[in-house]
Each structure stands twice: as structure tokens, then as C-alpha cells.
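Given next are the chains, with one letter for each unit.
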Amino acid sequence: RAYVKIQDGCNHFCSYCKIPFARGKSRSRKKENILKEIKKLVDDGFKEVILIGIDLSAYGEDFEEKDSFDNLLEEILKIDGLKRVRIGSVYPDKITDKFVKLFENKNLMPHLHISLQSCDDTVLKNMRRNYGSELIRKSLLKLKNVVSDMEFTADVIVGFPKEDETMFKNTYNVIDEIEFSGLHIFPYSDREGTIASNMDGKVDAKTKKERADELGELRLIMMKKSREKYLNKFLEVLVEEEKDGEYLGYTQNYLKVRFKSSEKDLINHLVNVKIKSIEDDMLIGEKEI
């Protein structure tokens, strides 16, 4: 896999974040340079590219002739020989109808990392996020219904200033409804100079830990449930390494797989693996003969 940076900086100024101050306003790379880089990577033998940036959805908004991330993605998917295109992260409010339709192309991987942070309307407003909980539900559930085997991972902040137990439960319940294959859970901490650092209603450390632990327990349940769906099914795996006589790689929807095979030199090959069992967050399988 190769990482391709398409954009840097951010225009959002969320109340807890220093990125706009440190990285500046959103700036997009020229489309022709991105396409040229990816074509070179394909020529060099890479099977998958991961598009990264601070705010991918802002791609092209800074150009004199406005462009969009959806348009760029559409062009990338036309590149001959490119087997997999993966999106680094996305905001829930930037999941357009065109974006959803692009997943009809099987080279666009059915996994998204969602910059979620909260699923409570009051907390989202205090964070200065540009969406509410109903938009999160509508956008992500639509993708799951439309795109086969779509899996989500996400970032979540617990214990944001003024977050009470009801607000936390609202976040918990929406996450439980949508179901994620993985979560990154962060107890809120002040960043000097941000709006949130000067807010009242700070949540104490004990409460933040309790909420992080509670969400962590849900994470384990969701991880198990998301992987059990694939037992006794064949999944395509891009093999990345060999360790102790076993191969490791990732499925299209970014689940890690370990399997044995008598075949040699499978690294950087796409192989079909039948999933036989689960160990923690790892799928265990055997290669199709």
C-alpha cells in the first residue's frame, strides 16, 4: 500500500483543535500531479493507494476553478492497473449521493474512517462541528445499506466540556446502532489556545475514564460482531508480510487476516482466503486452493 497526500490544512476551526493554527488553511494538490504520482506507483508495482489529508472533502475548494474530492476520486478510479483505492478519512456531512455511487466501482474499498467525535447534538454544536446526530445516522446507515460489506472505523472524544450522562448515552446509542468495526476513543484534554480549553463545565478525570471504558466495552462487542459475519466466507486479501510461516494482510474493508499457505512469494498479491476463526480483532483463514 502507498499513501498519497492530496490535501493539507483545514478551514473548520473546531473548538478543540489546533490544526488550522499549525497547518494553515486548506490547500489542495493539483489533480494532474496526483494522478501522475499514482500512475507511477502502479508502474512500480503497488496494488493499493490510500488517499490522505487533513480534510479530504475540502479538496479543490481552494482552486480558482472549483473542483471536488468526488471528481478527483472518479478520475483516480479510471487509472489502469490500480486494484485498490482506499480513503483515509471522511466527515459524515461530506457523504454525497455521487460519493455513494462511486462505490459501485469495486476498486473503491468498502471501508471508511469517520471523523465522528460525538453523536450528541449539543456536544457537536459545542465542538463547532457542522452536522448533527441525525445526519450521522442517515449518511452512514445509507452507505451500509447500499454498499456490500461496508465497514466503518471512527474517532470519538468522550468527556468534552459540558457533556453530561445523557449526552454521552446519545453518542453511545448512535454508535451502537450503526456498528463500527473499530473505534479510537480519546478522553478529552485541553489544547492551549483553543475555544474548548476556556469552556466551563469540564468533566472530571474519573468520569472521562468511566465513559471511555464503557465505550471500550461496546467497541469489543462491535469488533467481534463485525468479524463474525465473515466466518466461512472468502475474502480478498492484499498480502503485506510473512511472519513465522504465516501471511498477513488486509481485506477490502480493512480487516486484518492471518493465514497459512504452502505457496511462496505471496507478498503483494491479492489472494482469496476462507475465514475459519477469529482471534481478538484478527481473522484467521486459509488460502483458496
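Each remark here, short or long, concerns the structure printed above.
Computed from a prediction, not measured in an experiment: that's the story for all the values here. (Residues numbered from 1 in each chain as written. Predicted model: local features only at pLDDT ≥ 70, side-chain atom pairs only at ≥ 80, totals over all residues. Heavy atoms only, no water.)

J.: Tell me about the overall build of the protein chain, and name the residues and values.
T.: Summing up its helical and strand segments, the protein chain has eight helices and 13 strands in all. For the protein chain, the C-alpha radius of gyration of 20 Å lies close to 19 Å, the compact-globule estimate for 289 residues. For the protein chain, the C-alpha atoms occupy an extent of roughly 60 × 50 × 35 Å along the three principal directions. Within the protein chain, the fraction of its 289 residues that count as buried is 49%. As displayed, the protein chain offers around 14,500 Å² of accessible surface, 48% of which is attributable to carbon and sulfur atoms. For the protein chain, the distance from the average site of its 51 positive side-chain charges to the average site of its 53 negative ones is 1 Å. (Helix = DSSP H or I, 4+ residues; strand = E, 2+ residues; numbered from the N terminus. Rg over C-alpha atoms; globule rule 2.2 N^0.38 Å. Buried < 20%, exposed > 50% of the residue type's maximum accessible area, 1.4 Å probe, protein only. Areas by Shrake-Rupley, 256 points an atom, 1.4 Å probe, with all protein chains shown as cover. Lys, Arg positive; Asp, Glu negative; His and termini not counted. Charge placed at Lys NZ, Arg CZ, Asp CG, Glu CD.)

J.: Can you explain empty space enclosed by the protein? Please cite residues and give values.
T.: Counted under the stated rule, the structure contains one cavity of 30 Å³ or more. Of the volumes computed, that of the largest cavity is approximately 60 Å³. Residue composition of the lining of the largest cavity, by class: three nonpolar, two polar and four charged. (1 Å grid on protein atoms, 1.4 Å probe; cavity = no way out; pocket = protein on both sides within 12 Å on 5 of 7 lines; lining within 4 Å. Points joined across faces, edges and corners; volume = space filled by probe spheres on them. Nonpolar A, V, L, I, M, F, W, Y, C, P; charged D, E, K, R; others polar.)

J.: Would you mind going over the packing of aromatic side chains in detail, with residue names and values included?
T.: Under the counting rule described, the total for this entry stands at 10 aromatic pairs. Aromatic pair Phe160 and Tyr188: ring centres 5.2 Å apart, planes at 75 degrees, arrangement edge-to-face. You can see Phe160 sitting in the loop between strand E7 (151-158) and helix H7 (165-178) and its partner Tyr188 sitting in the loop between strand E8 (182-187) and helix H8 (205-228), a full 28 residues away along the chain. Overall, the relative accessible area of 0% leaves Phe160 in the buried class. (Phe/Tyr/Trp six-rings, centres within 6.5 Å; stacked < 30°, edge-to-face > 60°.)

J.: So, the sheet that holds strand E10 (residues 246-251): which residues are in play, and what are the values?
T.: Strand order in the closed barrel formed by five strands is E9-E10-E11-E13-E12, and the pairing between neighbours is mixed. The sheet shows a mean angle of 50 degrees between the axes of neighbouring strands, taken without regard to direction. The pairing of strand E9 (residues 234-243) with E10 spans six bridges and is antiparallel. Looking across to E10, one finds that Leu238 is bridged to Tyr250. (Pairing = 2+ DSSP bridges. Axes fitted to C-alpha atoms, helices over the stretch in contact; angles between N-to-C directions.)

J.: Explain the pairing of strand E11 (residues 256-260) to me, using residue names and the numbers behind them.
T.: Sheet topology note: the E10/E11 ladder contains four bridges and is antiparallel. Each bridged residue has a counterpart across the sheet, and for Gly249 the counterpart in E11 is Val257. Between E10 and the antiparallel strand that follows it, E11, lie four residues; Tyr254 among them carries a positive phi value of about 65 degrees. Inspection of the sheet shows E11 paired to strand E13 (residues 282-287) by four bridges, in the parallel sense. Note on E13: the bridge partner recorded for Arg258 is Ile284.

J.: Provide a residue-level description of the side chain of Ser197, including the pertinent values.
T.: With respect to the secondary-structure elements, Ser197 resides in the loop between E8 and H8. The residues touching Ser197, leaving out its near neighbours within four places in the chain, are Tyr188, Asp190, Arg191 and Lys202. (Contact = heavy atoms within 4.5 Å.)

J.: If you had to explain the pattern of salt bridges to someone new, which residues and values would you point to?
T.: Enumeration over the complete set of coordinates arrives at 29 salt bridges. Close ionic contact of Lys40 with Asp44 constitutes a salt bridge, the shortest N to O distance being 2.8 Å. Judged by its relative accessible area of 48%, Lys40 is partly exposed. Classification of Asp44 as partly exposed rests on a relative accessible area of 47%. The closest approach of N and O atoms between Lys142 and Asp97, which form a salt bridge, is 2.7 Å. In this pair, Lys142 sits in helix H6 (residues 133-146) while Asp97 sits in helix H4 (residues 97-102), placing the two residues 45 residues apart along the sequence. (Salt bridge = Lys/Arg side-chain N within 4 Å of Asp/Glu carboxyl O.)

J.: Can you explain helix H2 (residues 31-43)? Please cite residues and give values.
T.: Across its 13 residues, H2 extends 18 Å between first and last C-alpha, which sits within 8% of the 18 Å expected from 1.5 Å per residue. Along H2, the residues that are buried comprise Ile34, Leu35, Ile38, Leu41 and Val42. Summarising the axial view, the buried residues of H2 lie within an arc of 120 degrees, below the 170-degree limit, and thus occupy one face. Residues Glu32, Lys36 and Asp43 are exposed on H2 and point more than 90 degrees away from its buried face. Elements in contact with the buried residues of H2: strand E1 (2-5), strand E4 (48-52) and helix H3 (69-76). (Expected span 1.5 Å × (residues − 1). Arc of directions from axis to C-beta.)

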